[in-house]
Amino acid sequence: MRIVISDHVADTCLALTEAMFRILNANPERDIYLAVSGGSTPASLFDLWASRFEHETDWKRIQIFWVDERCVPPSDKESNFRMTFQHLLKKVPFREKHIHRIHGEAMPEEEAARYEHLVKKRLPVENGVPVFDLILLGIGSDGHTASLFPDAMAEALSDRALYKVAEKPESKQKRITMTLPLINAAQNVFFLATGIEKAPVISDLYHQTPAFYKYPVSLINPDHGQLTCFLDRAAFSIASQGK
Ligand code: 6PG
């Protein structure tokens, strides 16, 4: 895993954006398949894209999918699509037909199957698994990523479906989430983690402590692709002390 540390959130997001554009520029002749996560961290990244790169023509080559979605309508404040729409999609010229929303309002099991079928149909496939050019993942302070939670590690390791229904432990909120076989088939996986509240989990990740191996984040190991972790100094502040 490559780790890229920048001083503040803004330059962490810029470093990640530059790496994404390198992927776009390396494949000028075709669409790029991108899957984004939700939560709050990506909002800063999307704001950067909308404010500094809104006229970038390459957006039209990006097919955007979601890593996970809360099982709520797109108008709900919990919706990852709503957050992405507010911060990015209404400001940057993606092609309408390239925006592949997970229908959080649908029956969860049916939607997980529908979305998996869509991904299988739309993406290039290698060894029977669709291959994303880039998957953007967040890291929860409890070590979760996507909607793969620490209380369901064994399930995550046995998943064969590419999307499934999961449940956030505390709130019991149902989620539709990408699973490890699809995540680890990607050409590039980027973690984006910023802020002091992520410092403990990032320290475990950086020092590969025993605790780290209890986190779903530890299961992200692309089979052939490149894993890069983009951090700001606050998120790296405990790791840097050698703890
Ligand atoms: C979600 C995300 C989730 C997120 C982490 C980090 O639907 O919440 O996909 O995996 O990336 O929980 O969330 P923050 O960016 O809010 O810290």
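Shown above is the structure to which this text applies.
Since this is a predicted model, take the numbers as computed values, not measurements.

Engineer: Honestly, unusual backbone geometry in this entry has me stumped. Any pointers?
Structural biologist: Most peptide bonds adopt trans geometry, and most residues besides glycine take a negative phi value. With phi around 50°, Asn-127 is a residue other than glycine that occupies positive phi space. If you trace the backbone, Asn-127 turns up in the loop between strand E5 (125-126) and strand E6 (129-130). With relative accessibility at 73%, the residue Asn-127 sits in the exposed group. Of note in the backbone geometry, Gln-208 takes a positive phi value of approximately 50° without being a glycine. Relative to the helices and strands, Gln-208 resides in the loop between helix H7 (199-207) and strand E11 (226-232).

Engineer: Sorry if this is basic, but what is going on with the pattern of salt bridges here?
Structural biologist: Any two side chains of opposite charge can pair, so long as their charged atoms come close to each other. Enumeration according to the criterion identifies 12 salt bridges in this entry. With a shortest N-O distance of 3.0 Å, Arg-233 and Asp-7 are connected by a salt bridge. One end of the pair, Arg-233, is in the segment after E11; the other, Asp-7, is in the loop between strand E1 (2-6) and helix H1 (9-26), and 226 residues separate them in sequence. Assessed through its relative accessible area of 42%, Asp-7 is described here as partly exposed. Ionic pairing is found between Glu-111 and Arg-114, a salt bridge with its closest N-O pair at 2.6 Å. Of the two residues, Glu-111 and Arg-114 both sit in helix H4 (residues 108-122), three residues apart, roughly one turn of that helix.

Engineer: Whenever I open this one, the site of the ligand confuses me. Can you help?
Structural biologist: With respect to spatial proximity, 15 residues lie near the ligand, and among them Thr-41, Arg-70, His-144, Ala-146 and Lys-198 are the closest. Asp-68 places a polar side-chain atom, nitrogen or oxygen, 2.7 Å from an oxygen atom of the ligand. Taking Arg-175, its side chain carries an N or O atom lying 3.5 Å from an oxygen atom of the ligand. The fraction of the free accessible surface of the ligand (410 Å²) that becomes covered by protein chains is 89%. When atom positions are compared with the pocket grids, the ligand is found to occupy the largest pocket. Of the residues assigned to the shell around the ligand, the class counts are two nonpolar, nine polar and four charged.

Engineer: Explain empty space enclosed by the protein here, please?
Structural biologist: A water-sized probe, rolled over the atoms, reveals where empty space remains. This structure, assessed with the given rule, holds two cavities of 30 Å³ or more. The volume enclosed by the largest cavity comes to roughly 90 Å³. What lines the largest cavity is a set of 13 residues, among which Pro-42, Leu-136, Leu-137, Gly-138 and Leu-192 lie closest to the centre. Secondary-structure elements contributing two or more residues to the lining of the largest cavity are helix H2 (41-52), strand E7 (134-137) and strand E10 (188-193). Among the residues making up the lining of the largest cavity, the classes are represented as nine nonpolar, four polar and no charged. Considering only enclosed or pocket space, the second largest cavity measures out at about 30 Å³ in volume. Taken together, Met-20, Ile-23, Leu-24, Ile-32, Leu-34 and Leu-134 make up the full set of residues lining the second largest cavity. Contributing elements (two or more residues each) for the lining of the second largest cavity: H1 and strand E2 (32-36). Counting residues per element, the lining of the second largest cavity draws most heavily on H1, at three residues. Each residue belonging to the lining of the second largest cavity can be placed in one class, and the counts come to six nonpolar, no polar and no charged.

Engineer: Sorry, what's going on with the sheet that holds strand E4 (residues 68-70) here?
Structural biologist: Within a beta sheet, neighbouring strands are joined by backbone hydrogen bonds and run either parallel or antiparallel to one another. The strand order across the open sheet built from three strands is E4-E9-E8, with neighbouring strands paired in antiparallel fashion. Taken across any chain shown, the strands that pair with only one partner, and hence form the sheet edges, are E4 and strand E8 (163-167). The sheet shows a mean angle of 25° between the axes of neighbouring strands, direction not considered. Both E4 and strand E9 (residues 174-178) contribute to a ladder of three bridges, which runs antiparallel. In the strand pairing of E9, Asp-68 is matched with Thr-177. Relative to E8, H4 is tilted by about 145°, and along the sheet it contacts E8 and E9.

Engineer: What exactly am I supposed to notice about H7 here?
Structural biologist: For the α-helix, the turn length of 3.6 residues means that residues three or four positions removed from each other point alike. The set of residues buried in H7 consists of Ala-199, Val-201, Ile-202, Ser-203, Asp-204 and Leu-205. Buried residues along H7 sit against E1, E10 and E11. Positive backbone phi, approximately 50°, marks Gln-208, located one or two places after H7.

So, how was this worked out
Residues numbered from 1 in each chain as written. Predicted model: local features only at pLDDT ≥ 70, side-chain atom pairs only at ≥ 80, totals over all residues. Heavy atoms only, no water. Helix = DSSP H or I, 4+ residues; strand = E, 2+ residues; numbered from the N terminus. Buried < 20%, exposed > 50% of the residue type's maximum accessible area, 1.4 Å probe, protein only. Salt bridge = Lys/Arg side-chain N within 4 Å of Asp/Glu carboxyl O. Near = heavy atom within 4 Å. Polar contact = N/O pair within 3.5 Å; in protein donor to acceptor, adjacent residues only side chain to side chain. Areas by Shrake-Rupley, 256 points an atom, 1.4 Å probe, with all protein chains shown as cover. 1 Å grid on protein atoms, 1.4 Å probe; cavity = no way out; pocket = protein on both sides within 12 Å on 5 of 7 lines; lining within 4 Å. Sits in = over half its atoms within 2 Å of the grid points. Nonpolar A, V, L, I, M, F, W, Y, C, P; charged D, E, K, R; others polar. Points joined across faces, edges and corners; volume = space filled by probe spheres on them. Pairing = 2+ DSSP bridges. Axes fitted to C-alpha atoms, helices over the stretch in contact; angles between N-to-C directions. Contact = heavy atoms within 4.5 Å.

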